[in-house]
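Listed here are the chains, written in short residue letters.
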Amino acid sequence: MAKKKKSIFKIRYFLILLALYFLCRILMAYLPVGKASINYSGDITEKGMVEVGGIVKKVGIDNLKELEDSIKSLSWVESAEFKRNILRELKIFVVSRVPVARVANIGGKVIDKEGNIFDFDRADSLVEVELSEGVSEREIARAIGILKFLPDFNIDRIRIDREGVRTESLNLDILWGNDEFKRKSEVMNVILGDNITAFKGTLDFRFKNMVVLRR
């Protein structure tokens, strides 16, 4: 009998906790937000923080859809999420894009691994990318993907045009074409081996089943 009463008590206790949980969720959903805090993730510039703060101040925290769309419209923002708590506080989590290269001849413009171009004021140490007119974000992203296959290879500049991708370094220029970058990087390592940093010349991968070396 005692075990039965104990079991009933546990069930009632669980139901009470469940009811309190849903009550809290309802209150969080319908009570007006009293204040907001912004949390950043990534390398955020001072200018970026000012931009987000200005949007929150202008749009307000009542219309979350408009606020989310406005923050995500910033070119450097990768994602924006919102969480409300029982204390009527809105927490805004803003994640920045990660720059992997900078655009040549345009100060403060960088590119992330998806090929998105955005503003960033600390780009001097990044690989320089020269873009021809009409190159799409998809083509840029594909070209930037070369970097992950060459982690220990010093590249000074990447050129992207209709003929494909070209990487330039102090001693070695490589014409990659438009595809199969991983396979071509493996072929390059086989051809040059330990001489990869000492080789002076050009490797041309634009021809099918052929690699041309020019010194």
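This is a predicted model, so every value here is computed, not measured. For every chain, the first residue of its written sequence is number 1, and the numbers climb from 1 along that sequence. Only residues with pLDDT of 70 or above have their local features reported here, since the model is predicted, and side-chain atom pairs are shown and tallied only from 80 upward, although totals for entire chains, interfaces and linings are computed over all residues. Where side-chain values are given, they derive from all heavy atoms of the structure, hydrogens and water being excluded.

A.B. asks: Could you clarify how one ought to interpret the nonpolar core in this entry?
C.D. replies: In summary, soluble globular proteins display a tendency toward joint burial of nonpolar side chains. By nonpolar core is meant a set of buried Ala, Val, Leu, Ile, Met, Phe, Trp, Tyr and Cys residues that side-chain atoms within 4.5 Å join together. Partly exposed describes any residue whose relative accessible area lies between the buried limit of under 20% and the exposed limit of over 50%, with all areas from a 1.4 Å probe on protein chains only and scaled to the type maximum. With 25 residues, the main nonpolar core has Ile-174, Trp-176 and Met-188 as its most contacted residues. The set of elements that each furnish at least two residues to this core consists of strand 4 (99–103), strand 7 (127–131), helix 4 (137–144), strand 8 (157–161), strand 10 (172–177) and helix 5 (181–192). Residues count as neighbours in contact if any of their non-hydrogen atoms are within 4.5 Å of one another. When near neighbours in sequence (up to four residues on either side) are disregarded, Ile-174 contacts Phe-153, Val-165, Arg-166, Thr-167, Met-188, Leu-203 and Phe-205. Secondary structure elements are taken from DSSP: a helix is a run of H or I of four residues or more, a strand is a run of E of two residues or more, and numbering for both begins at the N terminus.

A.B. asks: Help me understand the pattern of salt bridges, please; the structure alone is not making it clear to me.
C.D. replies: Think of it this way: side chains of opposite charge can pair up when their charged atoms draw near. Whenever a carboxyl oxygen of Asp or Glu lies within 4 Å of a side-chain nitrogen of Lys or Arg, that contact is scored as a salt bridge. A complete count under the given rule lists 18 salt bridges for this structure. Between Asp-112 and Arg-97 there is a salt bridge whose closest N-O contact spans 3.4 Å. Here Asp-112 is found in strand 5 (residues 109–112), whereas its partner Arg-97 is found in the loop between strand 3 (89–96) and strand 4, with 15 residues between them in sequence. This pair shows no difference in class: Asp-112 is buried, exactly as Arg-97 is. Ionic pairing is found between Arg-206 and Asp-204, a salt bridge with its closest N-O pair at 2.7 Å. On the accessibility criterion, Arg-206 (36% relative accessible area) is partly exposed. Judged by its relative accessible area of 0%, Asp-204 is buried. Taken together, the shared-partner salt bridges connect Arg-102, Glu-128, Glu-130, Arg-157, Arg-159, Arg-166, Glu-168 and Asp-173 into one network.

A.B. asks: Explain the sheet that holds strand 9 (residues 164–168) to me, please; I cannot follow it from the model alone.
C.D. replies: Sheet strands pair via backbone hydrogen bonds, and the direction of the pair is either parallel or antiparallel. We treat two strands as partners when DSSP finds at least two bridges between them. Ordered in space as 6-5-4-7-8-9-10-11-12, the nine strands form an open sheet in which the pairing is mixed. The open sheet has two free edges, formed respectively by strand 6 (117–119) and strand 12 (212–214), since each of these has just one partner strand. Across the sheet, the axes of successive neighbouring strands diverge by a mean angle of 25 degrees, strand direction being ignored. The pairing of strand 10 with strand 11 (residues 201–204) spans four bridges and is classified as parallel. The residue bridging Leu-172 from the neighbouring strand is Gly-201, located in strand 11. Those strands touched by helix 5 are strand 9, strand 10, strand 11 and strand 12, and its axis lies near 145 degrees from that of strand 10. The axes are straight lines fitted to the C-alpha atoms, using for helices just the contacting stretch, and the angles between their N-to-C directions are given from 0 to 180°.

A.B. asks: Looking at this structure, how should I read the sheet that holds strand 3?
C.D. replies: Taken in spatial order, the three strands make up an open sheet running 1-3-2, and their pairing is mixed. Strand pairing shows two members of the sheet lacking a second neighbour, strand 1 (35–41) and strand 2 (77–84), which therefore form its edges. When strand polarity is set aside, the average angle formed by the axes of neighbouring strands in this sheet is 20 degrees. With seven bridges connecting them, strand 2 and strand 3 associate as antiparallel partners. Within strand 3, the position partnered with Ser-79 by the bridge is Val-95. Helix-sheet contacts for helix 2 (residues 46–59) involve strand 1 and strand 3, and the interaxial angle to strand 1 is about 155 degrees. Where helix 3 (residues 64–72) meets the sheet, its contacts fall on strand 2 and strand 3, and the angle it forms with strand 2 comes to roughly 155 degrees.

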